[in-house]
Amino acid sequence: MAKKIFPKEEVCVGCHLCEVYCVYAHSKYKKPTPKAHELIKLYNKYKDSKPTPRILVEEKSGEWTTFALQCRHCDDAPCTKACITGAMKKLEDGRVICDEEKCVGCWSCIMACPHGAVRRGENKKAASKCDLCLELGEPACVKNCPNEALVIKEV
Amino acid sequence: MRYVIIGNSVAACGCIEAIRKVDLQNPIIVISDEKYRVYSRPLISYYLAGKVDESKMYIRDEDYYEKNKVEPILGEKAISVDFKNKEVVLDDNSKVKYDKLLIATGGKPFVPPTKGFELKNVFTFIKFDDVKAIDEAIKNGAKKAVVIGAGLSGLKAAEALIKRGLEVTVVELANRILGSILDLEASKIVQDEIEKHGIVFKLETSVDEIIGDGKVEKVRLKNGEVLDSDIVVFAIGVVPNIDFLKGTELKINRGIVVDEHMRTNIEDVYAAGDCAEGYDFVFEQQRVIPIWPNAYNQGETAGYNMAGVEKTFDRGFPMNSIGFFDVHMITAGIVVPNSDDIEVLVKHDKEKNAYRKIYVKNGRVLGFMFINSIDRAGMITNMIKEGLNVESIKHRLLDDDFGYLDLPKELRQEKILGGAKA
Ligand SMILES: Cc1cc2nc3c(=O)[nH]c(=O)nc-3n(C[C@H](O)[C@H](O)[C@H](O)COP(=O)(O)OP(=O)(O)OC[C@H]3O[C@@H](n4cnc5c(N)ncnc54)[C@H](O)[C@@H]3O)c2cc1C
Ligand code: SF4
Ligand code: SF4
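No experiment lies behind these values; they were computed from the predicted model shown.

## Concerning the overall build of chain A
- Looking only at helices and strands, one finds five helices and eight strands in chain A.
- When the elements of chain A are put in sequence order from the N terminus, they spell out β-α-α-β-β-α-β-β-α-β-β-α-β.
- Counting all 155 residues of chain A, 57% fall into the buried class.
- Partitioning the contacts of chain A with sequence separation of at least 6, the portion at a separation of at least 24 is 61%.
- Summed over all atoms, the accessible surface of chain A reaches about 7300 Å², with 51% contributed by carbon and sulfur.
- The averaged location of the 21 negative side-chain charges in chain A is 5 Å from the averaged location of its 26 positive side-chain charges.

## Focus: the interface of chain B and chain A
- Each side of the interface is counted separately: chain B has 44 residues, and chain A has 39 residues.
- Roughly 3400 Å² of surface becomes buried between chain B and chain A when both sides are summed, with 55% attributable to carbon and sulfur atoms.
- Inspection of the chain B/chain A interface yields six salt bridges.
- Taken together, the links from chain B to chain A amount to 22 residue pairs in polar contact (both at pLDDT 80 or more).
- Elements that contribute at least two residues to the side of chain B that touches chain A include exactly helix 7 (292–306), strand 22 (319–324), strand 23 (327–333), helix 8 (377–386) and helix 9 (409–417) of chain B.
- Here the residues of the side of chain B that touches chain A sort into 21 nonpolar, ten polar and 13 charged.

## A closer look at the site of ligand 2
- Every residue near ligand 2 is listed here: Cys71(A), Arg72(A), His73(A), Cys74(A), Pro78(A), Cys79(A), Val96(A), Cys113(A), Pro114(A), His115(A), Val118(A) and Lys129(A).
- When its residues are assigned to classes, the shell around ligand 2 shows eight nonpolar, two polar and two charged.

## Describing the packing of aromatic side chains
Residue and element names in this part refer to chain B.
- Inspection of the entire model under this criterion finds eight aromatic pairs over all chains.
- The interplanar angle of 80° and the centroid separation of 5.7 Å between the aromatic rings of Tyr36 and Tyr39 together place this pair among those described as edge-to-face.
- Classification of Tyr36 as buried rests on a relative accessible area of 8%.
- Overall, the relative accessible area of 5% leaves Tyr39 in the buried class.

## Points about the sheet that holds strand 6 (residues 95–97) of chain B
Residue and element names in this part refer to chain B.
- Taken together, the three strands give an open sheet; going across it, the order is 4-5-6, and neighbouring strands pair in antiparallel fashion. Edge positions in the sheet fall to strand 4 (78–82) and strand 6, since each has one partner strand and no second. Neighbouring strand axes in the sheet, compared pairwise and without regard to direction, differ in orientation by 25° on average.

## Notes on the nonpolar core
Residues and elements named next belong to chain B.
- Ranked by size, the top nonpolar core spans 174 residues in total, and within it Val88, Leu101, Leu161, Ile231 and Met329 carry the most contacts.
- Looking at which element gives the most residues to this core, the answer is helix 1 (residues 10–22), with seven residues.
- Apart from residues lying up to four places away in sequence, Leu101 is in contact with Val4, Ile6, Val81, Phe83, Val88, Asp268, Val269, Tyr270 and Met306.
- Of all hydrophobic cores here, the second largest spans 13 residues; its members include Leu119, Val146, Val207 and Val219.

## Some words on the environment of Ile289(B)
Residue and element names in this part refer to chain B.
- Its location among the elements puts Ile289 in the loop between strand 21 (285–287) and helix 7.
- For the pair formed by Ile289 and Ser187, sequence separation is 102 residues and the distance between their alpha carbons is 21 Å.
- Setting aside its immediate chain neighbours within four residues, Ile289 contacts Asp274, Tyr279, Asp280, Asn294, Gly316, Phe317 and Pro318.

## Section: the site of ligand 1
Residues and elements named next belong to chain B.
- Close contacts around ligand 1 come from 33 residues, with Ser9, Asp33, Glu34, Arg41 and Ala78 the closest.
- At 2.4 Å, a side-chain N or O of Asp33 approaches an oxygen atom of ligand 1.
- In the model, an oxygen atom of ligand 1 is placed 2.6 Å from a nitrogen or oxygen of the Glu34 side chain.
- When isolated, ligand 1 has an accessible area of 990 Å², and the protein chains bury 94% of it.
- Breaking the shell around ligand 1 down by element, the ones donating at least two residues are helix 1, strand 2 (28–32) and helix 7.
- Among the elements that make up the shell around ligand 1, the one with the highest residue count is helix 7 (three residues).
- When grouped by side-chain class, the residues that make up the shell around ligand 1 number 16 nonpolar, ten polar and seven charged.

## A word on the UniProt feature "domain: FAD/NAD(P)-binding" (unreviewed entry) in chain B
- Those places that UniProt annotates as "domain: FAD/NAD(P)-binding" (unreviewed entry) correspond, in this numbering, to residues 2–299 of chain B.
- Helix and strand shares over residues 2–299 of chain B are 22% and 30% respectively, and the end C-alpha atoms of the span are 17 Å apart.

## Quick notes on helix 9 of chain B
- Every buried residue of helix 9 of chain B is accounted for by Arg412(B), Lys415(B), Ile416(B) and Leu417(B).
- Looking at the buried residues of helix 9 of chain B, the elements they touch are strand 1 (3–7) and strand 3 (67–69) of chain A together with helix 8 of chain B.
- Trailing helix 9 of chain B by a residue or two, Gly418(B) shows a phi angle of about 55°, which is positive.

## Points about the sheet that holds strand 18 (residues 256–257) of chain B
Residues and elements named next belong to chain B.
- Across the sheet, which stays open at both edges, the three strands sit in the order 18-20-21 with mixed pairing between neighbours. In this open sheet, the two strands that pair with only one neighbour each are strand 18 and strand 21.
- In this structure, strand 20 (residues 276–280) lies alongside strand 21, joined through three bridges in antiparallel fashion. If you follow Tyr279 over to strand 21, its bridge partner there is Gln286.

## Comments concerning the confidence of the model for chain B
- On average, chain B scores 97 in pLDDT, and the residues at 70 or more come to 99%.
- Under the prediction, the complex receives an ipTM of 0.96, its pTM being 0.97.

## A look at the packing of helix 1 of chain B against helix 7 of chain B
Residues and elements named next belong to chain B.
- One can describe the packing of helix 1 onto helix 7 by two numbers: an axis separation of 6 Å at closest approach and a directional angle of 35°. The two elements helix 1 and helix 7 cross, and the hand of that crossing is right-handed. Contact residues: Val10, Ala11, Cys13, Gly14, Cys15, Glu17, Ala18, Ile19, Lys21 and Val22 in helix 1; Trp292, Ala295, Tyr296, Gly299, Glu300, Gly303, Tyr304 and Met306 in helix 7.
- Tallied by class, the residues present in the contact of helix 1 with helix 7 amount to twelve nonpolar, three polar and three charged.

Calculation notes
Residues numbered from 1 in each chain as written. Chains lettered and ligands numbered in written order. Predicted model: local features only at pLDDT ≥ 70, side-chain atom pairs only at ≥ 80, totals over all residues. Heavy atoms only, no water. Helix = DSSP H or I, 4+ residues; strand = E, 2+ residues; numbered from the N terminus. Buried < 20%, exposed > 50% of the residue type's maximum accessible area, 1.4 Å probe, protein only. Contact = heavy atoms within 4.5 Å. Areas by Shrake-Rupley, 256 points an atom, 1.4 Å probe, with all protein chains shown as cover. Lys, Arg positive; Asp, Glu negative; His and termini not counted. Charge placed at Lys NZ, Arg CZ, Asp CG, Glu CD. Buried area = accessible area lost by both parts, 1.4 Å probe. Salt bridge = Lys/Arg side-chain N within 4 Å of Asp/Glu carboxyl O. Polar contact = N/O pair within 3.5 Å; in protein donor to acceptor, adjacent residues only side chain to side chain. Nonpolar A, V, L, I, M, F, W, Y, C, P; charged D, E, K, R; others polar. Near = heavy atom within 4 Å. Phe/Tyr/Trp six-rings, centres within 6.5 Å; stacked < 30°, edge-to-face > 60°. Pairing = 2+ DSSP bridges. Axes fitted to C-alpha atoms, helices over the stretch in contact; angles between N-to-C directions. Core = buried A, V, L, I, M, F, W, Y, C linked by side-chain atoms within 4.5 Å. UniProt positions renumbered as here; feature names shortened; annotations may be inferred. pLDDT = per-residue confidence, 0-100. Left-handed = near helix turned anticlockwise from the far one by under 90°.

Shown next, in the form of structure tokens:
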């Protein structure tokens, strides 16, 4: 069974900090919590394109509700079945990850993911998605959300 | 118990992976006439363009067969099946016994009888060996190419060839390109973009004769035009690769007829992928749906049933995600309305060159075409699959920031949380 992150829309304020921490955790720093100067350096690196977080904060004009959605690491993972390269795969621990080296950006995974949880990464080259920050022990978005609007649970 | 699979592509993978979820013991034998371990057909155009090298053509790790206890028999063709004695006969006349058989032989190129087809440098565009041969011809100096067929694979071939520096003309019998996934209006938008990259289209005509002395020199079209050419690529389409099974008791219509368990009319024999004709949930009829996800899903369903776990797959329908140069499109379901009571929703943002068209009937999405506005399209594919009533959110579906916030709270939470409490 996979671990999943659950958003609580009741307490999310739409601050987008989860996105910032996500980008940082997947940068070369690979740490859960950034130091300010590292963060500035990191964002400076992306001159033309904003880095793509693996999490998506949903908001809609005229509405107060917001929440942060990421890959559900589905049991049947339709994205993996549609992937034409084998880049998108389900690991034994239940996580679904994208091997960005193999990905060719055909977006079959976007066509197949029922949650709209796959994003096109920087320069729209490879699919970018939540990998639960496994190397860090704990997802950076969950750890750093100031409102505890994200919870990780085994289901 | 011996599982035997004829064919070694994505439908076979689905089958192997399903069997190994429930049966770790019994042997699986995979037979393929191609010598390669399981690779991606859609990637052949990327290989030809130089975007993907040989090592990345393979869709599973090198130890895949070993890890899954699969015995591959590669480079050997199945020439017949003895359904009574439960044996597959190979071209060296050896026999492979099975208890459960999956036929996953996919598609073969459709080529109408054409004068000059036997000339050197006439190719089809399906297999790894096809693009290796085309690559060779380019290295030997080919400069001009004619591609027959403006469907998905023809245009992928044309894109790769132009990226390799050739002059490319695409010939298409229909009045539009990508006829299987786009209607006339959407097709025009994509054609304009592709033409900007130098590909020339000849629509509403076809090839009459390929002319040359030993190898291709010219192509004469049905409209009388004659084009200089060093290479001809036939990419008109695929038909089920099942000739070796014709005339047996196996029930074949266009493809091998299967039920929702992927069973054929013969006991212990299953079929999946481009060679099979299963139920199309959107068109509400039996059809061959020659696309990758369908092949995987059918193979997987077959695998479970072969291993004794009953599973059904009755939600197949066509869907495609494809890009040419910088134009990306995702389409699904019905793309040309087939009755009068279908409502059409359209939005064309000319500035962003983004286009969305959705067909709705009785509150349900029947199909869509999204061009350059594809993020989160899977939510809509899934709505087709689930038959969700979209009456109240119809017009939001055209906006590229459509999302879960457009759904009623309970439904959204059920989808995101899947029954769990955050
Ligand atoms: C250029 C190209 C691009 C494509 N792009 C896309 C795309 O972007 N998205 C998408 O959804 N689909 C795409 N497709 C279609 C997709 O590749 C097919 O739907 C899919 O490969 C079907 O898988 P399959 O397992 O049914 O069979 P196939 O992939 O057709 O494989 C069948 C295998 O069986 C072998 N075989 C056949 N007969 C025998 C025999 N008698 N004995 C032994 N072996 C045999 C064949 O050699 C082959 O290895 C593309 C196809 C092509 C050609
Ligand atoms: S990307 Fe989408 S389909 Fe794939 S596992 Fe995540 S939520 Fe499921
Ligand atoms: S975009 Fe990448 S990960 Fe997604 S289906 Fe295509 S190759 Fe696979």
